[in-house]
Amino acid sequence: MRPSEDSSEVAWRTLDLDVFEFSAQEHVYLAMHIMNALNIPAALNISHHPEPLRQFISQALDMYGDVPFHNRFHAWSVFHVTALLLDEARASALLEPNEQAGALLAALTHDLEHDGVNNAFEIGTCTPRAKRHGMGSKGGILELHHNQLAQQLLTDTQLLEQLTDTSAERVRECVRASIRGTDMCNHFEHVEFLSQLRDTLRWFARAPIDRVALVASLVHASDLSGQALCEELAAVWGDRCLQEFKAQAELEALLNLDVSMDGRDMPSKRASMQHNFCTNIVRPLYELLADIFPWVQPMLNSLNLSLIHI
């Protein structure tokens, strides 16, 4: 069944869901369906009037541009995997309802207005957003920009109006920490946190700071999930990432900047680049996740299979 406004059930609880099959409107319908399935309107105290949530989803997805990788398909895929980690992997058992809402809202907005270049390019070319957020700011320029837009969207859609100030701030904190946590500079902090969580899960204190850290780690893992999906989808995401790297390299050459990656050699280097990234970055993260949440094991298996075929 294709998602529609009247859909009562859509088979979304699968890692094989092909996000590229759906239109922008269908992405909104299906995202809203998942939000309802996970009781997010109730968490936001808008069960009787969930329209602000639908508006938030629609406006967020509209804020993604036409770049090969960091587009609405990527945002929706990250949202989908986050939902699966919360629901199927049962990570929700460690979080409060408003924190679960924060995780899903962050997943949808974590790359708002991404233009297909990295933080180094933003700083090197003194882009308006780099100047706005400070060239020496703590945190990535892009992540600061994405978070600013996400926080403003929460305000503009009045999505948190029915929550207490404390609960609303917790949602915002989860969104802020999760978006900033997608900066790869923070990757090993997530690995260290998950390692500690794995070793102390039975005594997990569920302190607010730990729950926010878990939300950020779940969104980060979802952000890197492309190579842990089925082989066909992993190949598509790998190709799209390569296209974006190549486009940046060409732009750097055009602007007489130091070229971060030689676009001419990139196809031949793709295998080693992808293998190193999956082996040294993605796999250790997913090994920890699978230890904590056994449902993740098939994703780790898919990742290992992809490594064989790279």
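Scope of this entry: the structure provided in the associated data block.

The rules behind each value
- Residues numbered from 1 in each chain as written.
- Predicted model: local features only at pLDDT ≥ 70, side-chain atom pairs only at ≥ 80, totals over all residues.
- Heavy atoms only, no water.
- Helix = DSSP H or I, 4+ residues; strand = E, 2+ residues; numbered from the N terminus.
- Rg over C-alpha atoms; globule rule 2.2 N^0.38 Å.
- Buried < 20%, exposed > 50% of the residue type's maximum accessible area, 1.4 Å probe, protein only.
- Contact = heavy atoms within 4.5 Å.
- Areas by Shrake-Rupley, 256 points an atom, 1.4 Å probe, with all protein chains shown as cover.
- Lys, Arg positive; Asp, Glu negative; His and termini not counted.
- Charge placed at Lys NZ, Arg CZ, Asp CG, Glu CD.
- Expected span 1.5 Å × (residues − 1).
- Arc of directions from axis to C-beta.
- Salt bridge = Lys/Arg side-chain N within 4 Å of Asp/Glu carboxyl O.
- Phe/Tyr/Trp six-rings, centres within 6.5 Å; stacked < 30°, edge-to-face > 60°.

Turning our attention to the overall build of the protein. Per the secondary structure count, the protein includes 14 helices and zero strands. The C-alpha atoms of the protein give a radius of gyration of 19 Å, which matches the 19 Å a tight globule of 310 residues would have. The principal-axis extents of the C-alpha atoms in the protein amount to approximately 55 × 40 × 40 Å. Put simply, the protein has 310 residues, and 53% of those count as buried. Of all intrachain contacts in the protein linking residues separated by at least 6 positions in sequence, the fraction that spans at least 24 positions is 73%. Counting every atom, the protein has about 14100 Å² of accessible surface; 51% of that belongs to carbon and sulfur. Charge separation in the protein, taken as the distance between the mean sites of 23 positive and 41 negative side-chain charges, equals 3 Å.

The end-to-end C-alpha distance of helix α14 (residues 297-309), which contains 13 residues, comes to 19 Å, matching closely the 18 Å that a straight helix rising 1.5 Å per residue would cover. Taken as a whole, α14 has its buried residues at Met 299, Leu 300, Leu 303, Ser 306 and Leu 307. Looking straight down α14, one finds its buried side chains confined to an arc of 115°; they lie on one side.

Attention shifts here to the side chain of Thr 182. Mapped onto the fold, Thr 182 is located in the loop between α9 (165-181) and α10 (187-200). By relative accessible area, which is 6% here, Thr 182 ends up buried.

Okay, the pattern of salt bridges next. On inspection of all chains with the given rule, the structure shows eleven salt bridges. We note a salt bridge from Glu 99 to Arg 211, for which the minimum N-O separation is 2.8 Å. Of the two residues, Glu 99 sits in helix α5 (residues 97-109) while Arg 211 sits in helix α11 (residues 208-223), which places them 112 residues apart along the sequence. There is no split in this pair, since Glu 99 and Arg 211 are both buried. Beyond isolated ion pairs, a larger network of salt bridges with shared partners links Glu 99, Arg 170, Glu 173 and Arg 211.

Attention shifts here to the packing of aromatic side chains. In the structure shown here, the tally under the stated rule is four aromatic pairs. Judged by centre distance (5.1 Å) and plane angle (35°), the rings of Phe 20 and Phe 73 are tilted. Taken together, the residues span a long stretch of sequence, with Phe 20 in the segment before α1 (24-37) and Phe 73 in helix α4 (residues 72-87) at a distance of 53 residues. A relative accessible area of 22% means that Phe 20 is categorised as partly exposed.

Taken by themselves, the reported measurements are silent on function.
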